[in-house]
Amino acid sequence: MNNSHLPNPRIAFWGTSRFSVFILEEMARESNSLPALIITAPPKPKGRGLELAPSEVKVWADAHGIPTLEPKEIKSEDFLNSLKALGHWDMFVVASYGKIIPRAIIDLPTNGTLNVHPSLLPALRGPSPIQSAILEDAPIGETHESGVTIMLIDEQVDHGAIVAQEKMTIPNWPPRGSELEAILGKKGGELLVQTIPKWIAGSIAIRPQNHTLATFSKKISKQDAELDLNDPATSLRKIRAFDIWPRAYFVTERNGRPMRVVVTEAHLENEALVIDRVVPEGKRKMSYADFTRGQK
């Protein structure tokens, strides 16, 4: 590692999702941490019309006047050469980028590549740590521990040595997925901004993860969001965890045909699930009472 102090390190940021935007917001508050380049996923079809839409990170970068790259393929020699052609890099930062970055790119910056991960590694490695944390069998309504980790990326998923880590307590567990994403994104950004100058100065001693304690999150599918209304606690966790996507739902019948009903709000009462608001297929959001009256 380069031990000289760099007041304005040249950083490239890799990210795609809303979590990445929270990290960038904190980096923008500290001018020395603002990235010189942002790499994000290319536009994807979105909405009923399936029109191509930029990633949330691309929208943020354009609004802040930061140049971007949206590569379809990051494993090619051409892309590696394009990064080299842009000049010297002091470090890369990755936060919810969505693809595994090849070793040749990880090793390109002088001070390596750091990752901001929304869990207390080695717990909940993988693609859905926020949703998976909410789905875990933790007591409902109590305070629960969460946190963020900054790690030095290696070639395995969320496997690298820990550079910094911060625990925090979340009251009235479980929160909505969007709420926990915002809390951990802001905390991760704050921790990153504090870490960058120390990391570049060579004053942080990394520690390997205890791999025997590793747990893993999985890629979420739409089918994972289907509710079993006979399991109130698990249903509530799904409603909270999947509030942005894929959104928790149950299937009922109307006029002899199956209808998907998205549940947006619910709570537990005497250990029973009480549904408050829903979005029936093809309808607007409404109270569950109005929906059931319509069903009758």
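Scroll up to find the structure.
Some points on the pattern of salt bridges
Working step 1: This model, assessed by the stated rule, comprises 11 salt bridges.
Working step 2: Lys187 is paired through a salt bridge with Glu190; the nearest N and O atoms lie 3.6 Å apart. Note that Lys187 and Glu190 are positioned in helix α6 (residues 177-200) at a spacing of 3 residues, about one turn of the helix.
Working step 3: For the salt bridge of Arg293 with Asp290, the shortest nitrogen-to-oxygen distance reads 2.2 Å. Residue Arg293 and its partner Asp290 are both found in helix α8 (residues 288-295); the two are separated by 3 residues, about one turn of the helix.

Considering helix α1 (residues 18-29)
Working step 1: Between its first and last C-alpha atoms α1 spans 17 Å; for 12 residues at 1.5 Å apiece the expected length is 16 Å, and the two agree.
Working step 2: Considered for burial, the residues of α1 that qualify are Phe19, Ser20, Val21, Ile23, Leu24, Glu26 and Met27.
Working step 3: In this structure Ser17 caps α1, since a side-chain oxygen of it lies 3.3 Å from the backbone nitrogen of Phe19.

Overview of the side chain of Arg125
Working step 1: Summarising the element assignment, Arg125 is placed in the loop between β7 (113-117) and α5 (129-135).
Working step 2: Although Arg125 is buried, it makes no salt bridge; Asp158 carries the closest opposite charge, 6.6 Å away.
Working step 3: From its side chain, Arg125 meets the backbone oxygen of Asp158 in a polar contact 3.1 Å long.
Working step 4: Within polar-contact distance, the side chain of Arg125 engages the side chain of Gln209 at 3.0 Å.
Working step 5: In contact with Arg125, not counting residues within four places along its chain, are His117, Val157, Asp158, His159, Gln209, His211, Ala214, Thr215, Phe216 and Ser217.

Considerations on the environment of Asp290
Working step 1: For Asp290, a relative accessible area of 37% translates into the label partly exposed.
Working step 2: In this structure the C-alpha to C-alpha distance between Asp290 and Asp90, which are 200 residues apart in sequence, comes to 58 Å.

Quick word on the sheet that holds strand β10 (residues 249-254)
Across a sheet, paired strands are connected by hydrogen bonds in the backbone, their directions being either parallel or antiparallel.
Working step 1: One open sheet accounts for 4 strands, arranged β10-β11-β12-β13; its pairing is antiparallel. Unpaired on one side and paired on the other, β10 and β13 (286-287) mark the two borders of the sheet.
Working step 2: As judged from the 2 bridges shared by strand β12 (residues 272-280) and β13, these two strands associate in the antiparallel manner. Across the sheet, the residue bridging to Arg277 is Ser287, located in β13.
Working step 3: Docked against the sheet, helix α7 (residues 232-241) engages β11 (257-269) and β12, running at close to 100° with respect to β11.
Working step 4: Where α8 meets the sheet, it contacts β10, β11, β12 and β13, and its direction lies at approximately 25° from that of β10.

Some remarks on the pairing of strand β1 (residues 11-15)
Working step 1: Among the 5 residues of β1, 5 are classified as buried, and the element is accordingly described as predominantly covered.
Working step 2: Inspection of the sheet shows β1 paired to strand β2 (residues 37-39) by 3 bridges, in the parallel sense. Counterpart to Ala12 in the pairing with β2 is Leu37.
Working step 3: What joins β1 to β2 is α1, and the crossover it makes is right-handed.

Looking at the sheet that holds strand β5 (residues 68-69)
Working step 1: Read from one edge to the other, the open sheet built from 7 strands follows the order β5-β2-β1-β6-β7-β8-β9, with strand pairing classed as mixed. The open sheet has two edge strands, β5 and β9 (162-170), and neither has a second partner.
Working step 2: Bridging between β1 and strand β6 (residues 91-95) involves 5 bridges; their strand directions are parallel. When the sheet's bridge partners are listed, Ile11 is paired in β6 with Met91.
Working step 3: Contacts between helix α3 (residues 77-85) and the sheet are confined to β1, β2, β5 and β6, with β2 contributing the most and set at about 165° to the helix.

A closer look at the environment of Lys187
Working step 1: Distance in space between the C-alpha atoms of Lys187 and Thr149 is 9.9 Å, their sequence separation being 38 residues.
Working step 2: When near neighbours in sequence (up to four residues on either side) are disregarded, Lys187 contacts Val148, Glu166 and Met168.
Working step 3: Among the polar contacts listed, one links the side chain of Lys187 to the side chain of Glu166, at a separation of 3.3 Å.

Describing unusual backbone geometry
Working step 1: With omega at 15°, the peptide bond leading from Leu121 into Pro122 counts as cis.
Working step 2: Cis geometry is found at the peptide bond from Trp173 to Pro174, where omega equals 5°.
Working step 3: Tracing the backbone through its elements, the reader meets Pro174 in the loop between β9 and α6.
Working step 4: With a phi angle near 55°, Asn255 is a residue other than glycine that sits in the positive phi range.
Working step 5: Relative to the elements of secondary structure, Asn255 occurs in the loop between β10 and β11.
Working step 6: Residue Asn270 is not a glycine yet carries a positive backbone phi of 50°.
Working step 7: Assignment of secondary structure puts Asn270 in the loop between β11 and β12.

Comments concerning the packing of α1 against α6
Working step 1: Interhelical geometry of α1 versus α6 gives an angle of 40° and a closest axis separation of 8 Å. Of the possible angle classes, the one that applies to α1 and α6 is oblique. In this structure, the crossing between α1 and α6 has a hand that is right-handed. The residues of α6 that touch α1, namely those facing Arg18, Phe19, Phe22, Ile23, Glu26 and Met27, are Ser178, Glu181, Ala182, Leu184, Gly185, Lys186, Gly188, Gly189, Glu190, Leu192, Val193 and Ile196.
Working step 2: By residue class, the composition of the contact of α1 with α6 is 9 nonpolar, 4 polar and 5 charged.

Rules and cut-offs
- Residues numbered from 1 in each chain as written.
- Predicted model: local features only at pLDDT ≥ 70, side-chain atom pairs only at ≥ 80, totals over all residues.
- Heavy atoms only, no water.
- Salt bridge = Lys/Arg side-chain N within 4 Å of Asp/Glu carboxyl O.
- Helix = DSSP H or I, 4+ residues; strand = E, 2+ residues; numbered from the N terminus.
- Expected span 1.5 Å × (residues − 1).
- Buried < 20%, exposed > 50% of the residue type's maximum accessible area, 1.4 Å probe, protein only.
- Polar contact = N/O pair within 3.5 Å; in protein donor to acceptor, adjacent residues only side chain to side chain.
- Lys, Arg positive; Asp, Glu negative; His and termini not counted.
- Contact = heavy atoms within 4.5 Å.
- Pairing = 2+ DSSP bridges.
- Axes fitted to C-alpha atoms, helices over the stretch in contact; angles between N-to-C directions.
- Right-handed = clockwise from strand over helix to strand, strands pointing away.
- Parallel < 35°, antiparallel > 145°, perpendicular 65-115°, else oblique.
- Left-handed = near helix turned anticlockwise from the far one by under 90°.
- Nonpolar A, V, L, I, M, F, W, Y, C, P; charged D, E, K, R; others polar.

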